Amino acid sequence: MKKLFLADLLIDGKGNSLKNAAVLISEDKIVNVGTEEEVKVRGNIETINTKILMPGLIDAHAHFLGTHSLDMSQWLIENDKVRSIRTVKEVQDMLLSGYTAVRDVGSAISLSLKKVINEDTIKGPRIYAAHRALSQTAGHGDVHSYPINTVRTEEGWIARLVDGVDEVRKATRENLRQGADLIKIFVTGGVMSEIDHPHQTQFTPEEVRAAVEEAKRYGVYVSAHAHGVGGIELALENGVNTIEHGMYLKEKPELLEIMKEKGTILIPTLIIIKLIAEKGEEMGYPDFAIEKAKEGYNTHIKSIKLAVSKDVNIAAGSDFLGPPLSPYGFGNAREIELLTHAGMSPMNAIVATTGMAGKAIGPRGKLVGTIEKGKYADFLILDKNPLENIALLQNREEIKAVVKGGEVVVDRRQ
Ligand SMILES: [Zn+2]
């Protein structure tokens, strides 16, 4: 079945726009894109007229955890069937908000969610998932106040504790066996973990290389959670493809040059740090997390400004965790606006949440993110131009329709 989408203005997700554009699709893929004159169509064909057509949004850093708790240690002991069922609502909310793909960088639920979405049992974005993240013992993925065996044996936990090259290699292979689309490792401490600090480097070069080697053989990317410059350097030197957060990058600007040279993608996740710093107290977040977020946010914003000025590849990710602080679908797109506050043009901020977010998935994401021949027909239909007001992407009502694989899956057109 062929369909033709006509647009007064097409935004392609690579940094270009085109007036009076036409996109021809066949089944779930794009078969031709160009001006109306260029895209020749024979015979009768279903035609959809739009004012603005752009790629569906991609959240490049999410965790479908289904938790309603603000305390990381609670996620470990909350009933995981309850959490799994909650994520069904989370993915639906994401689709309603214009997200047609999500890159999940740590969750024991997401590969199962992906399966039920792909078999069309539930509606949701395409999911590309890392499965459980790899953490060293006492690292960001450890729950420091719990008995070590509880953390080690809980299969529903967001992370897996591994120490030494052999354990890293085995866990990477097991994640790949489960169907992971990318591999996630924690190479520094974090905000939400209790006793470590974002500055602290975790894992040895040999351990990082073991994950990278195994992932490479499978043709998938390795993503590293990294705030401090020691961890960022460790990741870059050992072949990691994407740096998540990058809070303290400004302390060593030469790392940005290396990232640019290697084509490494940075996913800042400004919005979650801002939310924890500003609302953490009233929401009852643990004190240690609020302190680290407050201390880090200003540096974070400066680091990302520097990265933008140096033209480093940046993708937009929310790091949302669920209600009450960050309910899925409501405000993930605030990250796109924050990137413009860090100096990105609205067009580049759209690239960050479409084409570049697709690239951050790695080879498994090669069919998403841009409106190009051969890619999935995943679009948003808008009446107003987001290049003139980037914040409108945060408002569901402004997204007149969501198209996934050529089908209109959300329709608010009159
Ligand atoms: Zn995260």
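Residues numbered from 1 in each chain as written. Predicted model: local features only at pLDDT ≥ 70, side-chain atom pairs only at ≥ 80, totals over all residues. Heavy atoms only, no water.

*Asks:* Could you clarify how one ought to interpret the coordination of the zinc ion in this entry?
*Replies:* Any two of four tetrahedral donors ideally make an angle of 109.5 degrees at the metal, while pairs among six octahedral donors ideally make 90 or 180 degrees. Coordination of the zinc ion by the protein involves H61 (NE2), H63 (NE2) and D319 (OD), with metal-donor separations of 2.1 to 2.2 Å. Read from N- to C-terminus, the donor residues coordinating the zinc ion fall into the pattern H-x1-H-x255-D. Of the two residues, H63 sits in the loop between β5 (57–62) and α1 (72–77) while D319 sits in the loop between β14 (313–314) and α11 (334–341), which places them 256 residues apart along the sequence. (Donors = N, O, S within 2.8 Å, 3.2 Å for Na, K, Ca; no water. Helix = DSSP H or I, 4+ residues; strand = E, 2+ residues; numbered from the N terminus.)

*Asks:* Teacher, can you tell me more about helix α3 (residues 110–118) here?
*Replies:* Along an α-helix, residues three or four positions apart point the same way, because every turn accommodates 3.6 residues. Turning to α3, its buried residues are S110, L111, L113, K114 and I117. Within α3, the buried residues cover an arc of 155 degrees as seen down the axis, which keeps them to one side. Along its buried surface, α3 packs onto α2 (80–96), β6 (99–104), β7 (126–129), α5 (165–178) and β16 (399–404). Of the residues one or two after α3, D120 is the one with positive phi, at around 70 degrees. (Buried < 20%, exposed > 50% of the residue type's maximum accessible area, 1.4 Å probe, protein only. Arc of directions from axis to C-beta. Contact = heavy atoms within 4.5 Å.)

*Asks:* So what exactly am I meant to see when it comes to the domain arrangement of the chain here?
*Replies:* Often, the extent of an interface is quoted as the loss of accessible area on bringing the components together. Taken domain by domain, the chain consists of domain 1 (2–56 + 370–411) and domain 2 (57–365). At the interface, 27 residues of domain 1 touch 28 residues of domain 2. Surface buried jointly by domain 1 and domain 2 totals about 2,200 Å² across both partners, of which 67% is contributed by carbon and sulfur atoms. The interface formed by domain 1 and domain 2 contains two salt bridges. A salt bridge links D378 to R126; the nearest nitrogen and oxygen atoms lie 2.7 Å apart. Counting across the domain 1 and domain 2 interface gives six residue pairs in polar contact (both at pLDDT 80 or more). Looking at the side of domain 1 that touches domain 2, the elements that each hand over two or more residues are β4 (46–55), β16 and β17 (407–411). (Domains from an automatic or database assignment. Buried area = accessible area lost by both parts, 1.4 Å probe. Salt bridge = Lys/Arg side-chain N within 4 Å of Asp/Glu carboxyl O. Polar contact = N/O pair within 3.5 Å; in protein donor to acceptor, adjacent residues only side chain to side chain.)

*Asks:* Is there a simple way to explain the pairing of strand β11 (residues 221–226) in this structure?
*Replies:* If a strand is regular, its side chains alternate between the two faces of the sheet. With respect to burial, β11 is a largely interior element, five of its six residues being buried. Bridging between strand β10 (residues 182–186) and β11 involves five bridges; their strand directions are parallel. Paired with F186 across the strands is H225, a residue of β11. In terms of strand pairing, β11 meets strand β12 (residues 242–245) through four bridges, oriented parallel. Its bridge partner lying in β12, A226 is registered against H245. Chirality of the crossover, the property in question, places the unit of β11, helix α7 (residues 229–237) and β12 among those that are right-handed. (Pairing = 2+ DSSP bridges. Right-handed = clockwise from strand over helix to strand, strands pointing away.)

*Asks:* Looking at this model, I keep getting lost on the pattern of salt bridges. Mind explaining?
*Replies:* Oppositely charged side chains may form a pair once their charged atoms are brought near each other. Tallying each qualifying case throughout the model produces 22 salt bridges. Linking R160 and E174 is a salt bridge whose minimum nitrogen-to-oxygen distance equals 2.8 Å. Linking R160 in strand β9 (residues 159–161) with E174 in helix α5, this pair joins segments that are 14 residues apart in sequence. Taking relative accessible area as the criterion, E174 reaches 33% and is therefore assigned partly exposed. Among the salt bridges present, the one from K384 reaches E398, with a minimum N-O distance of 3.0 Å. Separated by 14 residues along the polypeptide, K384 in the loop between β15 (379–382) and β16 and E398 in the loop between β15 and β16 bring together distant segments of the chain. K384 sits in the partly exposed class, given a relative accessible area of 45%.

*Asks:* Got a minute to help me understand a negative patch on the surface in this structure?
*Replies:* Among the surface-exposed residues, D8, E36, E37 and E38 lie close enough to one another that they form a single negatively charged patch. As for its placement among the helices and strands, E38 is situated in the loop between β3 (29–35) and β4. (Patch = residues over 30% accessible without salt bridge, like charges linked within 9 Å, V, L, I, M, F, W, Y side chains within 5 Å. Areas by Shrake-Rupley, 256 points an atom, 1.4 Å probe, with all protein chains shown as cover. Lys, Arg positive; Asp, Glu negative; His and termini not counted. Charge placed at Lys NZ, Arg CZ, Asp CG, Glu CD.)

*Asks:* Honestly, the layout of surface pockets in this entry has me stumped. Any pointers?
*Replies:* By volume, the largest pocket amounts to about 250 Å³. Taken together, D28, I117, N118, D120, I122, K123, R126, K404, G405, E407 and V409 make up the lining of the largest pocket. Partitioned by chemical class, the residues of the lining of the largest pocket number three nonpolar, two polar and six charged. Both domains that furnish three or more residues to the lining of the largest pocket are identified here as domain 1 (2–56 + 370–411) and domain 2 (57–365). (1 Å grid on protein atoms, 1.4 Å probe; cavity = no way out; pocket = protein on both sides within 12 Å on 5 of 7 lines; lining within 4 Å. Points joined across faces, edges and corners; volume = space filled by probe spheres on them. Nonpolar A, V, L, I, M, F, W, Y, C, P; charged D, E, K, R; others polar.)

*Asks:* Can you walk me through the nonpolar core in this structure?
*Replies:* Taken as a class, soluble globular proteins show a tendency for nonpolar side chains to be buried jointly. In terms of nonpolar packing, the biggest core is built from 107 residues, with W157, I183, I185, L266, I336 and L393 touching the most fellow members. A total of eight residues in this core trace back to one element, the largest contributor, which is helix α10 (residues 287–309). Ignoring anything within four residues of it in the chain, the contact list for I185 reads L134, F203, V208, A211, V222, S223, A224, H225 and V240. Formed by 15 residues, the second largest nonpolar core is a distinct cluster that contains V23, I48, A401 and V403. (Core = buried A, V, L, I, M, F, W, Y, C linked by side-chain atoms within 4.5 Å.)

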